[in-house]
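# Chains, contacts and geometry: an overview
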Amino acid sequence: MVRGLVVTSALLAFLVIPQFAAGGIAPVILVGCFDGQAYPLSYMANYTQEVAKLVQEYTRERYGESIQVAAIGDWSFLLDALTFPNVIGAVIALNVREGGELYLSELRMEEVVSSFEGGLGLVGIQGLGYSPYCGRLSREVFPLDANLSAPGRLIRVPVTTIRHTHQRATINLINQDAPDQFDAADGALVYRKPVAGGGWWAPEEGNMTVLYVCKTVSGYDNVPSIVAYENKEGRSVTFAGLKHTDGSGKYEKDLNYYNHSLGIPAVRELLGESLVWAVQPFAEGDGVEARMEASSGFFAEKLEPLFEKMKMAEKAEARLKARVTARMLLLSGASVVAVLAIAYIGFVRG
Amino acid sequence: MVAILLVVSTALTVGNSILSKRPSLDLLVLEGPDSLFVSVQRPRTVSVAVRAERDLDNLEFRFRCLLQGALPPGVAGRVWRNATSELLSLYPAVQNRLEYFSGVGAEDLVIIREVPLTNRENQRLVLVDFGEIYSAIFPSEQDNESLTTFALIVNASGYVVGYYEGYSELFTAKEYLLELARIEVGGDVKEYLPLASGSGLSIERDLPPFGNVSFSEVRKGDVLGVTLVVKQRLIDVPKATYETRVATPSFVEIVETFADEELVKEASAYWVVLNGRTEE
């Protein structure tokens, strides 16, 4: 909704006040991993920082240093920020938990869908594609429309993990340098049941490409596990797995746990390349400059009334001070006159 | 001679001081509850009313309602005297917003102030309010969606004893928890009800967004006020709303009054309200 005003804002760019010069606003990619095991959503600071480092590494290499990567630890602000015009992309992880629930209002979903279609590059991990949590986001942005979650195979050596084997289905820009097959630590993988016999479920609009499939423990061997999607101006890549949870519940204490996946070269390659591909239209060329100018115009237009109010308050205070000073001078003058009059009447005339 | 000079100048200075502090508003009512949703009948009203003592371009009541959150490890048990920024950096919800809004040149619009709690002696509130920024950026239907305001309670010894986060709105989950909202300006009274139909004003639909009740071109002598009557029981609150907006040991209810954009401390209040139902 907010992004829809960007064009109007660009036309109002002449209103830009110094704070909002286009050079001052940078394109931003958000990273927020809410994989904690508690309800409500629990932010995983250490995991988020690791993903943010990975994102920074890939975006710097491809698009230079102008893009800022921001780790976001507050779910409601993450949703706010997805609608801000200088935010060009995000990596978001949500943990699907048995019996858990996530409150995501219709309005919020509408805003994210609208921002995505207006031009965002998103990478969604696990719960984003799960329809009982994310409703229309799981169909219109992260198109898995998953309604079930399946655990992977338990591997005990060298460390205990739960894994899925992912098999390449298509080669494209994202996975051209990735292996045909790899194992990743997936605490669980979300999928849509009934599983299609041939082909996959796909949203009515846009262009969906299944990059990898995997076999679930329940025997389905054609479950999309990494999916790229384009619709209107938006691009997304959805990872059905990569749920970073162990059965012990000691997640927060085990700083290395997420490295079971992030340490796997294929996972790093696919996550990094996914983000690079998803934000590409907004991260390079003339597009990024135009977008930041529009962002400047947007914030100038929206926030100028507040700066005006602030100035008004300062002026009111200055006026009050001037009034007090004038009154003080007047009273001082009056006091001199009064003293002289008293002195004259009391001492000179008397 | 010297004595006369002293007497006259003292009298004039005192007179000037009194004149310069002449208030723009006369406070008529400022009341809030100490607890809500308890079995015993207690006052359930939040109310503020003022009379303008001079013409004003603008008068605004800003309401915020915050819910109690957890203190992060390492905060409790430490004395924080002059470390507001360090303390706030421990809260991602605050830090993320500060960083983002600084990045777009809006840092001067974030309100950070320390104020005494109205109904707790020797305790102060460190308030961080992004409400004005949100109300400027987002459309009015968004007013109930995002956290906009944060507060820490610090006791007389400098220990942080409470953390609160919440929304720019008149009262939390107002559509379920308010029985009545009344806005008065110069004898014109508007009443908002939970399930208003037809031409009736609705709490959910018609109350001013983002907790900001504003009046323009206020004339000297005008009486302006807002009264909220909270329901006695927590009924009909949906589960998701209950969990995110009501299940809290206590709230902080804030009303700040601004006359021509200047905060009028005497007509502003910061109440800690115990949520009796959660304690049971």
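Residues numbered from 1 in each chain as written. Chains lettered and ligands numbered in written order. Predicted model: local features only at pLDDT ≥ 70, side-chain atom pairs only at ≥ 80, totals over all residues.

### Description of the overall build of chain A
- If you tally the helices and strands in chain A, you get nine helices and twelve strands.
- The burial tally for chain A puts 48% of its 350 residues in the buried class.
- When contacts within chain A are restricted to residue pairs at least 6 apart in sequence, those whose partners lie at least 24 apart make up 74%. (Helix = DSSP H or I, 4+ residues; strand = E, 2+ residues; numbered from the N terminus. Buried ≥ 20, exposed ≤ 12 C-beta atoms within 10 Å, placed from the backbone. Contact = placed C-beta atoms within 7 Å.)

### Let's talk about the overall build of chain B
- For chain B, the helix and strand inventory stands at eight helices and 15 strands.
- Relative to its 280 residues, chain B shows a buried fraction of 39%.

### Quick notes on the interface of chain A and chain B
- Contacts between the two partners involve 41 residues from chain A, matched on the other side by 35 residues from chain B.
- Its residues assigned to classes, the side of chain A that touches chain B shows 28 nonpolar, six polar and seven charged. (Nonpolar A, V, L, I, M, F, W, Y, C, P; charged D, E, K, R; others polar.)

### Describing unusual backbone geometry
- Geometrically, the link from Lys193 of chain A to Pro194 of chain A is a cis peptide bond, its omega value of 5° lying close to zero.
- Inspection of the secondary structure assignment puts Pro194 of chain A in the loop between β9 (189–191) and β10 (207–214).
- Phi at Asn122 of chain B is positive, roughly 60°, even though this residue is not glycine.
- Turning to its location among the elements, Asn122 of chain B is positioned in the loop between β5 (111–116) and β6 (124–129).

### So, the pairing of strand β8 (residues 160–167) of chain B
All names here are of chain B.
- Of all eight residues making up β8, seven are buried, and the element is well covered by its neighbours.
- With five bridges joining them, strand β4 (residues 56–69) and β8 adopt antiparallel strand pairing. The residue bridging Gln68 from the neighbouring strand is Tyr164, located in β8.
- Relative to β8, strand β7 (residues 149–154) runs antiparallel, the two being bridged by six bridges. Within the sheet, the bridge partner assigned to Ala151 lies in β8 and is Tyr164.
- What sits between β7 and β8 in their antiparallel hairpin is a turn of five residues, with Gly158 showing a positive phi close to 95°. (Pairing = 2+ DSSP bridges.)

### Quick look at the pairing of β7 of chain B
- Of all six residues making up β7 of chain B, six are buried, and the element is well covered by its neighbours.
- Because side chains alternate across β7 of chain B, one face comprises the buried residues Thr149, Ala151 and Ile153 of chain B, and the other comprises Phe150, Leu152 and Val154 of chain B, equally buried.

### Points about the nonpolar core
Residue and element names in this part refer to chain A.
- Counting residues in hydrophobic clusters, the biggest one holds 165 residues, and the most contacted among them are Ile29, Leu30, Val31 and Val55.
- If one sorts the elements of this core by residue count, helix α8 (residues 265–283) sits on top with ten residues.
- If near-sequence neighbours (up to four positions away) are discounted, Val55 is found in contact with Ile29, Val31, Val69, Val91 and Leu275. (Core = buried A, V, L, I, M, F, W, Y, C linked by C-beta atoms within 7 Å.)

### A word on the packing of helix α2 (residues 45–63) of chain A against α8 of chain A
Residue and element names in this part refer to chain A.
- Between α2 and α8, whose axes approach to 9 Å, the crossing angle comes to 50°. With respect to each other, α2 and α8 are oriented oblique. Here the hand of the crossing between α2 and α8 comes out right-handed. Contact residues: Leu54, Val55, Glu57, Tyr58, Thr59, Arg62 and Tyr63 in α2; Arg268, Leu271, Gly272, Leu275, Val276 and Ala283 in α8.
- Looking at the contact of α2 with α8 residue by residue, the class counts come to eight nonpolar, two polar and three charged. (Axes fitted to C-alpha atoms, helices over the stretch in contact; angles between N-to-C directions. Parallel < 35°, antiparallel > 145°, perpendicular 65-115°, else oblique. Left-handed = near helix turned anticlockwise from the far one by under 90°.)

### A look at the sheet that holds strand β10 (residues 188–193) of chain B
Residues and elements named next belong to chain B.
- Sheet architecture is open: six strands sit in the order β1-β3-β13-β9-β10-β11, paired in mixed fashion. Every interior strand has two partners, whereas the edge strands, β1 (25–31) and β11 (201–202), have only one.
- Bridging between strand β9 (residues 178–185) and β10 involves five bridges; their strand directions are antiparallel. For Arg182, the partnering residue across the bridge sits in β10 and is Glu191.

### With respect to α8 of chain A
- Along α8 of chain A, the sharpest change in direction is near 30° and occurs at Trp277 of chain A; proline Pro281 of chain A comes one to four residues later.
- Positioned one or two residues after α8 of chain A, Gly285 of chain A has a phi angle of 75°, which is positive. (Bend = angle between axes of the 7 residues up to and from the residue.)

### Focus on the environment of Leu94 of chain A
Residues and elements named next belong to chain A.
- With respect to the helices and strands, Leu94 occurs in strand β3 (residues 87–94).
- Looking at Leu94, the number of C-beta atoms within 10 Å reads 27, which means it is buried.
- Linking Leu94 and Cys33, residues 61 residues apart in sequence, is a C-alpha distance of 6.4 Å.

### A look at the confidence of the model for chain A
Residue and element names in this part refer to chain A.
- In the predicted model, chain A carries a mean pLDDT of 84, and the fraction of residues at 70 or more is 84%.
- When mean pLDDT is compared element by element in chain A, strand β12 (residues 234–239) scores highest at 98, while helix α1 (residues 6–11) scores lowest at 36.
- The model gives residues 1–22 a pLDDT under 50, and that stretch makes 51 contacts with residues more than four places away or in other chains. (pLDDT = per-residue confidence, 0-100.)

### Observations concerning the packing of α8 of chain A against helix α9 (residues 286–349) of chain A
All names here are of chain A.
- The interhelical angle for the contact between α8 and α9, taken along N-to-C directions, is 70°, at an axis separation of 7 Å. Looking at the two axes, α8 sits roughly perpendicular to α9. Of the residues in α9, those in contact with Pro281, Phe282 and Ala283 of α8 are Gly287, Val288 and Arg291.

### A short note on the environment of Ile226 of chain A
All names here are of chain A.
- Along the polypeptide, Ile226 turns up in strand β11 (residues 223–231).
- Ile226 sits in the buried class, given 27 other C-beta atoms within 10 Å.
- For the pair Ile226 and Thr238, spaced twelve residues apart in sequence, the C-alpha separation works out to 5.6 Å.
- Apart from residues lying up to four places away in sequence, Ile226 is in contact with His166, Leu211, Tyr212, Val237, Phe239 and Leu270.

### Let's talk about the environment of Gln68 of chain A
Residue and element names in this part refer to chain A.
- If you trace the backbone, Gln68 turns up in strand β2 (residues 68–71).
- Note: C-alpha distance between Gln68 and Leu30 (38 residues apart in sequence) is 8.5 Å.
- Here Gln68 is in contact with Ala26 and Val28, once residues within four sequence places are set aside.

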